[in-house]
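Fold and contact review
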Amino acid sequence: MFVVRVGADARVTTESAGTLCEETLCTLLHTDVTERLRAFEVPPAFAEARLGLCYFIDGRGGERQLDSNFCGTCLYHTGCPVYGDLIFAAVEQDAPRSMTEAECHALADWLREQFPFLAP
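Given the structure is predicted, the values throughout are model-derived calculations rather than measurements.

Another point: the nonpolar core. With 22 residues, the main nonpolar core has V4, F88, L107 and L111 as its most contacted residues. Secondary structure elements with two or more residues in this core: β1 (2-6), β4 (52-58), β5 (86-92) and α4 (101-114). Per-element tally for this core: the top contributor is α4, with five residues.

In terms of residue burial, β4 counts as a mostly covered element, since seven of its seven residues are buried. Note: strand β3 (residues 34-38) against β4, five bridges, orientation antiparallel. Residue pairing for β4: R38 is matched across the bridge by C54. Where β4 lies against β5, five bridges are found, and the strand directions are antiparallel. Paired with G52 across the bridge in β5 is V91.

Along the chain, R112 turns up in helix α4. The class of R112 is partly exposed, set by a relative accessible area of 27%. In this structure the C-alpha to C-alpha distance between R112 and R11, which are 101 residues apart in sequence, comes to 9.8 Å. Here R112 is in contact with V12, L118, A119 and P120, once residues within four sequence places are set aside. Among the polar contacts made by the side chain of R112, one reaches the main-chain carbonyl oxygen of V12 at a distance of 3.4 Å.

As enumerated under the stated definition, the model contains zero disulfides in all. Here C21 is not cross-linked by a disulfide; its sulfur's nearest cysteine counterpart is in C26, at 8.7 Å. Look at C21 and you get partly exposed, because its relative accessible area is 33%.

Two side chains carrying opposite charge are able to pair once their charged atoms lie near each other. Counted according to the given criterion, the structure contains four salt bridges. Residue E15 is joined to R5 by a salt bridge in which the shortest nitrogen-to-oxygen separation is 3.1 Å. Residue E15 is located in strand β2 (residues 12-16), and its partner R5 is located in strand β1; the two are separated by ten residues in the primary sequence. Owing to a relative accessible area of 9%, R5 belongs among the buried residues under this scheme. Two residues, D94 and R38, come together in a salt bridge whose shortest N-O distance is 3.9 Å. Of the two residues, D94 sits in the loop between β5 and β6 (95-97) while R38 sits in strand β3, which places them 56 residues apart along the sequence. Here the residues in one salt-bridge network are E92, R97 and E103, joined through shared partners.

Each value, and the rule that gives it
- Residues numbered from 1 in each chain as written.
- Predicted model: local features only at pLDDT ≥ 70, side-chain atom pairs only at ≥ 80, totals over all residues.
- Heavy atoms only, no water.
- Core = buried A, V, L, I, M, F, W, Y, C linked by side-chain atoms within 4.5 Å.
- Buried < 20%, exposed > 50% of the residue type's maximum accessible area, 1.4 Å probe, protein only.
- Helix = DSSP H or I, 4+ residues; strand = E, 2+ residues; numbered from the N terminus.
- Pairing = 2+ DSSP bridges.
- Contact = heavy atoms within 4.5 Å.
- Polar contact = N/O pair within 3.5 Å; in protein donor to acceptor, adjacent residues only side chain to side chain.
- Disulfide = S-S within 2.5 Å.
- Salt bridge = Lys/Arg side-chain N within 4 Å of Asp/Glu carboxyl O.

As structure tokens, then:
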């Protein structure tokens, strides 16, 4: 199982996650604390499968920042900058979970459609 990372360098990658737990997320984000936020929009494939979408960030803040356009879209409920990398996970019955390769591919394609500045 996998998660999708959007790096502060605007690259979209798939990361092996196994069981999605706080320890895994902290390791992937190179932090000791994460914050989970729910995305309000989802790819069509997620909507059809009745999956939600959430993202995790380094809860401490930092020096790197994604393009402000990425933060000011319908995915996010505030215009605050997001520091560091984002880790995206699926949400099923209000519980976050890692994704299949197909779900990761659908999410990555959808993110690139929404945000043309993301690297291919």
